Amino acid sequence: MTSLYHRYALHIADALAALVAAGDLPPGLDTSAVTVEPPRDPTHGDLSTNAAMVLAKPAGMKPRDIAMALAQKLARLPEVETAEVAGPGFLNLRLRAGEWQDELRAILTAKTEYGRSTMGAGRPVNVEYVSANPTGPMHMGHCRGAVVGDALASLMAFAGFAVTREYYINDAGGQVDTLARSAHLRYREALGATIEIPEGLYPGDYLVPVGQALAAEFGDTYVAAPETEWLVLFRTRTVALMMELIRADLALLGIRQDVFFAESSLGDAVQAALDDLAAKELIYEGVLEAPKGEGHDDWEPRPQTLFRASDFGDDSDRALKKSDGSWTYFAGDVAYHYNKLRRGFVDLVDLFGADHGGYVKRMQAAVKALSGGSVNLDVKIVQMVRLFRSGEPVKMSKRSGSFVTLADVVREVGKDVVRFIMLTKKSDSQLDFDFAKVVEQSRDNPVFYVQYAHARIRSVERRAATAGMVLPEPDLTLLDAEELGLVRFAAQWPRIVEAAAATREPHRIAFYLGDLAAAFHSLWNRGNDDASRRLVIEDNAALTAARLALARGVGHVIASGLAVMGVEPAEELH
RNA sequence: GCGCCCGUAGCUCAGCUGGAUAGAGCGCGGGACUUCUAAUCCUGAGGCCGCUGGUUCGAGUCCAGCCGGGCGCGCCA
């Protein structure tokens, strides 16, 4: 299905081609900057194009002259009521009511599929998100990245990309050794030892059942054994259990990723990726300069194996090997992204926490180098969430293990609320999450506000049904101008999908749904002042049928948007 | 010192990737309920879009330089 805006973009392209053919415009113009949009001020019409202004300079003509010629062509289209030139050279189109009635029919036919786009043309895109270290359950620090990444993946899939959702398991560093040692303590505890958790090990209770599982499996075999005998074994077992925990947490949010890629599975792939870079002469042994500023007093110049990241826009070259000869985390990540390239992805998206912002350039440099510049890595930075309870900050201390887990939050306020709220801001700005506010039933809670609109739509449908009304096929010509205005708003959904997918900003959906809900609530309230303007008019089945069709159409768009966000539309609210 | 992100109404934030008179919610002033059609809606006041230059027919949006805030800065992950 082509969207209304695409159809008019084609009409405009046709008209421009006709003008070129007639010699009214020079050939070979670049029309890529031509847009078709709803004007900000609805009194200007239904659609607006900047074609004349964009083409004026390359064509060597006055914008208004181009606009006039274009207006003449477009005014001949049967669906166009008026085509007017305005301002510096805008061309405003007003469409016949039938065009909006048709669009509502299209919504009713497509239902929640309305808005699906072919923009992505099936391009394979990899979206990597969460990638939390497998050292414990997910807490609120991970939650936002999980939701934003998942919604972004859904959004891009809806926009026609072939999306793979991926999780990178950091199971090869020192943190998982620490995890294994912490589990060993709990293992001894399970076997009756009195333990004290030293500084630097993970204190969380979630390791208690892990210790019990290890005790059940191994008995007292490793209680007094030296670390070398149990470390690898305990690490493997514990990481597997932690990943079960994490998958369960993700499931609570409705997230199911396609690929879980373990750092530990890279093996020789690290060397292979680095060989690729070496073949391009991008690896060398060298000494980095000390960073300026404070906190680097203990700097000692040291020869290292380095990647020429600075050739690709990074600030410095980057180390690939530690002084003990093992790979750095970066080297593994280079190999991992090399693996993604070899799987055929042409677009990569990574979601990073804000504290990893400094890591973006080197990763992009690596992808640029490995792909020869043909693959783009887009990194979305996800900022912190601050938790509040009725305005009071919630204290969290990771050291004592008393952090707020994702599971706790989902249990308290529900998956849909968590997901929606996480998408109510641009991902790169800080977000405040107040347990009291997010469940409040009021205008300033966007989750409620949007859900309430959807519930109201369901409510009137039920009302017509329980009133025993027999509704005819809707005659959409019965809808008045204000009602068609709501269709106009709903018809923007396909544009919103494409804009949000192109910019990779899923929060735009939440804002759009809020606006759509507001438009619906506003229409609904007309019925308070004037009962004849209610949606359900019990003694007028024809009018009711038309108005319910409108409501249903809006409901489909809300449900479609919520589906992309991973939120269930509410049937009713209590 | 360098890099990245951010400065928009009193507060919290949008601003459709350069368009027409900069928007919304909260808060403040005024109004509309026999409610599963008031958990809502209508209306009013409130802005040197941090500052200064530049690019452009046109800048909150792009560029440069300042000012202010956050994050990061050789082997951690």
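As shown above, the structure is provided for reference.
Residues numbered from 1 in each chain as written. Chains lettered and ligands numbered in written order. Predicted model: local features only at pLDDT ≥ 70, side-chain atom pairs only at ≥ 80, totals over all residues. Heavy atoms only, no water.

**Some thoughts on the layout of surface pockets**
What the second largest pocket holds in volume is close to 650 Å³. Taken together, 26 residues form the lining of the second largest pocket, with P38, P39, R40, P42 and Q492 sitting closest to its centre. The set of elements that each furnish at least two residues to the lining of the second largest pocket consists of β2 (47-49), β4 (90-95), α15 (481-490) and α17 (507-529). A total of five residues in the lining of the second largest pocket trace back to one element, the largest contributor, which is α15. Here the residues of the lining of the second largest pocket are counted per class, giving nine nonpolar, eleven polar and six charged. (1 Å grid on protein atoms, 1.4 Å probe; cavity = no way out; pocket = protein on both sides within 12 Å on 5 of 7 lines; lining within 4 Å. Points joined across faces, edges and corners; volume = space filled by probe spheres on them. Helix = DSSP H or I, 4+ residues; strand = E, 2+ residues; numbered from the N terminus. Nonpolar A, V, L, I, M, F, W, Y, C, P; charged D, E, K, R; others polar.)

**Looking at the protein's contact with RNA strand B**
R302, S323, K425, Q441 and N528 are the nearest of the 71 residues found near RNA strand B. Restricting attention to atoms of RNA strand B within 4 Å of the protein, one finds that 61% of them are sugar or phosphate atoms. The contact in question runs from a base nitrogen of RNA strand B to an N or O atom on the side chain of H356, over 2.9 Å. Contacts to RNA strand B include E572, whose side-chain N or O atom sits 3.4 Å from a base nitrogen. The set of elements that each furnish at least two residues to the surface near RNA strand B consists of α2 (51-59), β4, α6 (174-190), α14 (446-466), α16 (493-503) and α17. Sort the elements by how many residues they give to the surface near RNA strand B and α17 lands first, with nine residues. In terms of residue class, the surface near RNA strand B is built from 22 nonpolar, 26 polar and 23 charged. (Near = heavy atom within 4 Å. Polar contact = N/O pair within 3.5 Å; in protein donor to acceptor, adjacent residues only side chain to side chain.)

**What about the pattern of salt bridges?**
When charged atoms on two side chains of opposite charge get close, those side chains can pair. A complete count under the given rule lists 33 salt bridges for this structure. Between D315 and K361 there is a salt bridge, with its nearest N and O atoms 3.2 Å apart. Of this pair, D315 sits in the loop between β9 (303-307) and β10 (318-319) while K361 sits in helix α11 (residues 360-371), placing them 46 residues apart in sequence. In this structure K361 comes out as partly exposed when scored by relative accessible area, which is 40%. (Salt bridge = Lys/Arg side-chain N within 4 Å of Asp/Glu carboxyl O. Buried < 20%, exposed > 50% of the residue type's maximum accessible area, 1.4 Å probe, protein only.)

**Brief notes about the packing of helix α1 (residues 4-21) against helix α4 (residues 97-110)**
Viewed as axis vectors pointing N to C, α1 and α4 meet at an angle of 135°, and their least axial separation amounts to 11 Å. By the angle class used here, α1 and α4 are oblique. Facing α1, whose interface residues are L4, R7 and Y8, α4 presents E99, W100 and E103. (Axes fitted to C-alpha atoms, helices over the stretch in contact; angles between N-to-C directions. Parallel < 35°, antiparallel > 145°, perpendicular 65-115°, else oblique. Contact = heavy atoms within 4.5 Å.)

**Re the sheet that holds strand β8 (residues 283-287)**
Pairing within the open sheet is antiparallel, and its three strands lie in the order β8-β9-β10. A strand with exactly one partner marks an edge of an open sheet, and here the two such strands are β8 and β10. In the sheet, β8 pairs with β9 via five bridges, with the strands oriented antiparallel. The partner of Y284 across the bridge, within β9, is L306. (Pairing = 2+ DSSP bridges.)

**Observations concerning the packing of α4 against α15**
Here α4 crosses α15 at 55°, and the two axes come no closer than 9 Å. Accordingly, the angle class assigned to the pair α4 and α15 is oblique. For the pair α4 and α15, the sense of crossing is left-handed. The residues of α15 that touch α4, namely those facing A97, W100, Q101, E103, L104 and I107, are L484, V487, R488 and A490. The residue makeup of the contact of α4 with α15, split by class, is seven nonpolar, one polar and two charged. (Left-handed = near helix turned anticlockwise from the far one by under 90°.)

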